[in-house]
Amino acid sequence: MVNEEQSGMGQVFKSDDRFSDGSQESSRSSTPSPDADGLQEKIRRHIESGDKWFSLEFFPPRTSGGAVNLISRFDHMAVGGPLFIDVTWHPAGDPGSDKETSSMTIASTAVNYCGLETLLHITCCNQTKDQITQHLHKARHLGLKNLLALRGDPMGDEWKTEEGGFNYASDLVKHIRSEFNDYFAICVAGYPTGHPECKSYEEDLRHLKLKVEAGADFIISQLFFKPETFLSFFKDCRAMGITCPILPGIFPIQGYHSLRQLVKLSKLQVPQEIKDIIDPIKDNDAAIRNYGIDLATDMCKVLLESGLVPGLHFYTLNREVATVEILKRLRLWTEDPRRALPWTISANPKRKIEDVRPIFWASRQKSYIYRTQDWDEFPNGRWGNSSSPAFGELNDYYLFYLNSNCSKEELLKMWGEELVDEKSIFDVFTAYITGQSNSNGKRVTCLPWNDEPLALETSLMKGELEKVNQMGILTINSQPNINARPSADPIVGWGPEGGFVFQKAYLEFFTSAENIPTLLKVLKKYKTRVNYQIVNVKGENINNAFDLQPIAVTWGIFPGREIIQPTVVDPISFIYWKDEAFALWIERWAKLYPTGSPSWQIIQDIHDRYYLVNLVDNDFPFENCLWQVIDDLFRLKASEKTCGSPTCELPVKP
Ligand SMILES: Cc1cc2nc3c(=O)[nH]c(=O)nc-3n(C[C@H](O)[C@H](O)[C@H](O)COP(=O)(O)OP(=O)(O)OC[C@H]3O[C@@H](n4cnc5c(N)ncnc54)[C@H](O)[C@@H]3O)c2cc1C
């Protein structure tokens, strides 16, 4: 999946389009008004406070499988707390299109679905003004707010200026400012040893200054091999009157081949002392990587200690290990377990006011964002009848987000190459809960409804979940009740410091139609204590939701604020969720087997015959009664069987 040729460094990108339109000279049309959430402002605040940060460059992969992997890499890397990530623009890869692998789609996914501040690279050479303007409108529409404005390189030919075209990155910066004012934060590229085409280093610096004067907010540098190269470039920029932040581009050497390729394309010289170390170990990938980690760590230390460098920018080559290791050694990898909300907040400015989500998508957050992407307004605070949500339909493109990170072969090993009966399904669910290996010796680390292993919070109820899954209560979502735990709690905490969080116990599961009449009888006993919704694939829906009102199931109380209630059980959105929840049986599981085969038939039967149930225990200060409900269900079923009548009463517990 890693392809260094597509990385954003130096002279790597080529295009064979021709200029066809003129660019209009203009300057910034208004005084910049700092956007409090904008990247420029975040950088400014970090510089002021002296907090060092890091950012990470990725390039779009070639295949949709690669895109799925890259998106899960974003999720892993988000944990370390990058200030932003950036996505390169590769003219040959249809970068502005809607393809799953385009720069635009990958960058939009990072912002919208992974909640990452994202900088989209965009090159202007060989493009008409209209094409560029269209890309920019699209980027804005997708919620992107930051651009790395580049000239790029023509495919094959020597560089030639074109009358009326975008000849330099500064033309692009001017165009963005004239058309979009200060909507975008703009970054430009800087070359610590001068751009290879330029007559002199000094002249290149003057051109860099022109880019900044045209409206760029900050600079990211080309890679370099020695800290002094960057530090003298930095000082020269300042002497020239370039006052904006300048980030060093750090390239951890990760392999002999990738280094040679990059050096060739970027026309950089590798210092002899580095060559002398690398050449003898060129066939030992691990040794080269370890050397690269040591070298980059030492270089970053010198840069940070100089006091001139506010943050570090990493060329990751879409790899994780080396960059994470360097960041850990520098203590910049933060892994702060505190969450602002129990779910990932999208970085799209349009979703700023979003403060509540239905619990059903807790393990499928990207899917929720996808399905609500066209909402103009997000329900802030309350979900009533009037805010009936129009969820996006399940369609082909959406299946992209349903894709698992696991291959078909792996999924079959986890979920069964051949299913014998319903019990085989119960065993898969149970193995997922316990984390133990199944009969294939394989650990079940995901289910169609949960791409990740069990959440820490869910592990608190492992014993009970294991027991009920064995009995055919196939759980797909749950949370324990919590009564005023500190917001800093490492397992259930979220929100600002000094607060307290609360939860009602919640349980969501599939179970067979045969269990439903008995379950309803049991639920009568719990009256208002337990709210329930029970629905089958046809939409036959039994519930005791009062006037279809949502129930807050997670809320928090924080110093100097209103109560925040980010998660609800909403009867209206449950009806939309149920389509997705049932579809996953078929899309993710049944489709692993030949149509009509016994395994396929077992899943299809469950899909057709089972009900999806959710239960909320309203009395959160007391012991969770939902396990008792399930226990009562099976005791009543047993006694109905013994007495031979469905009118039997629940036996008194011994
Ligand atoms: C951080 C970074 C990220 C990159 N990402 C990508 C990417 O995603 N996709 C991609 O295709 N490429 C990428 N590149 C490579 C880049 O496109 C090439 O290096 C390209 O040759 C120059 O682009 P630029 O924006 O720096 O050009 P410019 O700033 O326009 O400079 C190009 C050359 O023109 C000269 N020049 C600039 N202005 C003038 C002027 N007014 N008059 C005369 N000469 C002038 C400069 O001195 C320089 O020699 C990246 C490079 C860097 C450093």
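Before any of the text, the structure's been laid out above.
What you are looking at is a predicted structure, and each value in this text was computed from that prediction instead of being measured. Throughout, a residue's number is its position along its own chain's written sequence, starting from 1. Reporting in this predicted model follows two pLDDT cut-offs: at least 70 for local features of residues, and 80 or more for side-chain atom pairs to be given and counted; totals over whole chains, interfaces and linings ignore these cut-offs and use all residues. Hydrogens and water molecules were not included; the side-chain quantities draw on all heavy atoms of the structure.

## Focus on the overall build of the chain
Each helix corresponds to a stretch of at least 4 residues labelled H or I by DSSP, and each strand to a stretch of at least 2 residues labelled E; elements are numbered beginning at the N terminus. When you go through the chain residue by residue, the secondary structure sums to 21 helices and 18 strands. Summary of the burial criterion: residues with accessible area below 20% of their type's maximum are buried, those above 50% are exposed, and those between are partly exposed, where the area comes from a 1.4 Å probe applied to protein chains only. When burial is assessed residue by residue, the chain has 55% of its 654 residues classed as buried. Restricting the contact set of the chain to residue pairs at least 6 apart, pairs at least 24 apart contribute 75%. Accessibility throughout is a Shrake-Rupley quantity obtained with a 1.4 Å probe, and a residue counts as covered only by protein chains that appear here. Carbon and sulfur atoms make up 50% of the accessible area of the chain, which totals about 28,200 Å². It only takes one pair of heavy atoms within 4.5 Å for two residues to be counted as in contact.

## Concerning the packing of aromatic side chains
For Phe, Tyr and Trp, where Trp contributes only its six-membered ring, two rings pair if their centres lie within 6.5 Å, and the inter-plane angle classes them as stacked under 30 degrees, edge-to-face over 60, or tilted in between. Inspection of the entire model under this criterion finds 25 aromatic pairs. Residues Trp361 and Tyr368 carry aromatic rings whose centres are separated by 5.3 Å and whose planes lie at 55° to one another, so their mutual orientation is tilted. Taking the relative accessible area as the measure of exposure, Trp361 reaches 2% and is therefore buried. Under the relative-accessibility criterion, Tyr368 is labelled buried at 1%. Joined through ring pairs, the aromatic side chains of Trp415, Phe429, Trp449, Phe510, Phe582, Trp585 and Trp589 make up one cluster. One cation-aromatic arrangement involves Arg140 over Tyr183; the distance from NZ or CZ to the ring centre is 5.6 Å. Note that Lys145 overlies the ring of Tyr183, its terminal NZ or CZ placed 5.1 Å from the centroid. By definition here, charges over rings are those cases where NZ of Lys or CZ of Arg is within 6 Å of the ring centre and within 35 degrees of the ring normal.

## Here's the deal with the packing of helix H7 (residues 227-240) against helix H10 (residues 285-305)
At a minimum axis separation of 9 Å, H7 and H10 run at an interaxial angle of 30°. One element, H7, and the other, H10, form an angle in the roughly parallel class. Between H7 and H10 lies a crossing whose hand is right-handed. Here Pro227, Phe230 and Leu231 of H7 lie close against H10, whose contacting residues are Met299, Val302 and Leu303. In this count, Pro and Cys sit with the nonpolar residues alongside Ala, Val, Leu, Ile, Met, Phe, Trp and Tyr, while Asp, Glu, Lys and Arg are called charged and the others, Gly among them, polar. Of the residues contributing to the contact of H7 with H10, the split by class is 6 nonpolar, no polar and no charged. Only the contacting stretch of a helix is used when fitting its axis, a line to C-alpha atoms as for every element, and angles between N-to-C directions run 0 to 180 degrees. By definition in this entry, angles of less than 35 degrees are roughly parallel, angles greater than 145 are roughly antiparallel, angles of 65 to 115 are roughly perpendicular, and the rest are oblique. Take the far helix as your reference; a near helix turned counterclockwise from it by less than a right angle gives a left-handed crossing, and one turned clockwise gives a right-handed crossing.

Bear in mind that shape data such as this cannot, by itself, settle questions of function.
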